[in-house]
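Structure assessment
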Amino acid sequence: PVHYVCVFHAMVSTHLMYRKNAFDHFDSIFCVGQHQIDEIKSTEKFYNLKPKRLIQFGYNHLDNLIEKYSKKENFVLKYKNPIQVLIAPSWGKDGLFETISEKIIGILLDAGYKVILRPHPMTQKKSKQKISYLEKKFSSNPNFVLELDIPNFDSFSQSHVMISDWSGVAFEFAFAFERPILYVDVPKKMHNPDFADIPHVPIEESIRDKIGKIISKSDIESIPKYIEKLCKESESMKEQIKKIREETIFNIGKSNKIGAEQIIEILNQLKDKHSQDKSN
């Protein structure tokens, strides 16, 4: 017997950021937070789908980041010049990288910040020419770094603020390092054009203004002003981000243990069912 289990690679919504039928054929889903449970239950009801086993799991990548970097002495940064800004957008033709990344990098460097550009893995596959162009344009500036090593999160631990759009990595930065996000409000990224059938506001919308600041594309010239403000408010925002994290994500620091226990339970149930079927 086969039992299909889904474990998420991001803390994002299930009905906006994934394709319409992405989860229809799983037996169990290890959910990051209540938002995913609510979305999947509503999806099952709306489309008359077979109910799945929805497990309050959490997000083990977040737990791993917290454990790894909380032990480092440099985890707590002092807000002094040069402030380091991490640009980590999502991917897609209307995204921040594809539309205004060059201008934003220029503005930040002119303001004297250290800038790390971390293109999404899909951007690295699909936009190699633009990445190469940006590297050539800004590589002569010692304050510019192109980060292509996706498994390495040291750039997160050393950055004071992240600039993003609709990327799930923004949650990882905010929740692991308790630092704010500056969101540039480019058109919404969606993989399911029918997401509005499900009556839940995607988490990408609902908590953006609680873990950072949202600005319009037309206001990017003022980015340095917003960064300075976020840095000054870092301590008060830290407490708010921690509160949102606790309210949003299941089993922080315990997801690996919970997941292992659930997989063993599923395996034992399959064995029992297989034994019963043989005896019958």
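Residues numbered from 1 in each chain as written. Predicted model: local features only at pLDDT ≥ 70, side-chain atom pairs only at ≥ 80, totals over all residues. Heavy atoms only, no water.

1. Regarding the overall build of the protein
Along the backbone of the protein there are 11 helices and nine strands. Here the C-alpha radius of gyration of the protein, 21 Å, is about what a compact globule of 280 residues would show, namely 19 Å. Here the C-alpha coordinates of the protein stretch approximately 75 × 40 × 30 Å along the principal axes. Scored against the burial criterion, the 280 residues of the protein give a buried share of 49%. Restricting the contact set of the protein to residue pairs at least 6 apart, pairs at least 24 apart contribute 75%. Carbon and sulfur atoms form 51% of the exposed surface of the protein, whose accessible area is close to 14300 Å². If you average the places of the 41 positive and of the 37 negative side-chain charges in the protein, the two averages end up 2 Å apart. (Helix = DSSP H or I, 4+ residues; strand = E, 2+ residues; numbered from the N terminus. Rg over C-alpha atoms; globule rule 2.2 N^0.38 Å. Buried < 20%, exposed > 50% of the residue type's maximum accessible area, 1.4 Å probe, protein only. Contact = heavy atoms within 4.5 Å. Areas by Shrake-Rupley, 256 points an atom, 1.4 Å probe, with all protein chains shown as cover. Lys, Arg positive; Asp, Glu negative; His and termini not counted. Charge placed at Lys NZ, Arg CZ, Asp CG, Glu CD.)

2. Some points on the nonpolar core
Among the nonpolar cores identified, the biggest contains 76 residues, and Ile 104, Leu 108, Ile 163, Phe 175, Ile 211 and Ile 227 are the most heavily contacted of them. Apart from the residues within four sequence positions on either side, Phe 175 is in contact with Met 11, Leu 62, Ile 66, Ile 207, Ile 211, Ile 241, Ile 244, Arg 245 and Ile 249. One finds Phe 30, Ile 55, Phe 57 and Leu 270 within the second-largest nonpolar core, a separate group that totals five residues. (Core = buried A, V, L, I, M, F, W, Y, C linked by side-chain atoms within 4.5 Å.)

3. A short note on the pairing of strand 4 (residues 84–87)
Side chains Gln 84 and Leu 86 project from strand 4 onto one buried face, and the interleaved Val 85 and Ile 87 project onto a second face that is buried too. One ladder, built from four bridges, connects strand 4 with strand 5 (residues 114–117); its direction is parallel. Bridge pairing in strand 5 places Ile 87 opposite Leu 117. Taken together, strand 4, helix 3 (residues 96–110) and strand 5 constitute a β-α-β crossover, and its handedness is right-handed. Relative to strand 7 (residues 161–164), strand 4 runs parallel, the two sharing three bridges. For Leu 86, the partnering residue across the bridge sits in strand 7 and is Met 162. (Pairing = 2+ DSSP bridges. Right-handed = clockwise from strand over helix to strand, strands pointing away.)

4. What about the packing of helix 2 (residues 60–69) against helix 7 (residues 169–177)?
Direction vectors running N to C along helix 2 and helix 7 enclose 45 degrees, while the axes themselves pass 9 Å from each other. Relative to helix 7, the element helix 2 lies oblique. Crossing geometry of helix 2 relative to helix 7 is assigned as right-handed. Contacts from His 61, Leu 62, Leu 65, Ile 66 and Tyr 69 in helix 2 reach Glu 172, Phe 175, Ala 176 and Phe 177 in helix 7. (Axes fitted to C-alpha atoms, helices over the stretch in contact; angles between N-to-C directions. Parallel < 35°, antiparallel > 145°, perpendicular 65-115°, else oblique. Left-handed = near helix turned anticlockwise from the far one by under 90°.)

5. Things to note about helix 1 (residues 34–47)
For an α-helix the count is 3.6 residues per turn, leaving residues at separations of three or four pointing the same way. Relative to the 20 Å expected for 14 residues at 1.5 Å per residue, helix 1 spans 20 Å between its end C-alpha atoms, a close match to the ideal helical length. Along helix 1, the residues classified as buried are His 35, Gln 36, Ile 37, Glu 39, Ile 40, Ser 42, Thr 43 and Glu 44. In this structure, the buried residues of helix 1 make contact with strand 2 (28–31), strand 3 (53–56), helix 8 (203–206) and helix 10 (234–248). (Expected span 1.5 Å × (residues − 1).)

6. Examining the pairing of strand 7
Every second residue of strand 7 is oriented toward a common face, with Val 161 and Ile 163 on one face and Met 162 and Ser 164 on the other, all of them buried. Following the chain from strand 7 across helix 7 to the adjacent parallel strand 8 (residues 181–184), one finds a crossover that is right-handed.

Interpretation note: all reported values are geometric properties and have no functional meaning in isolation.
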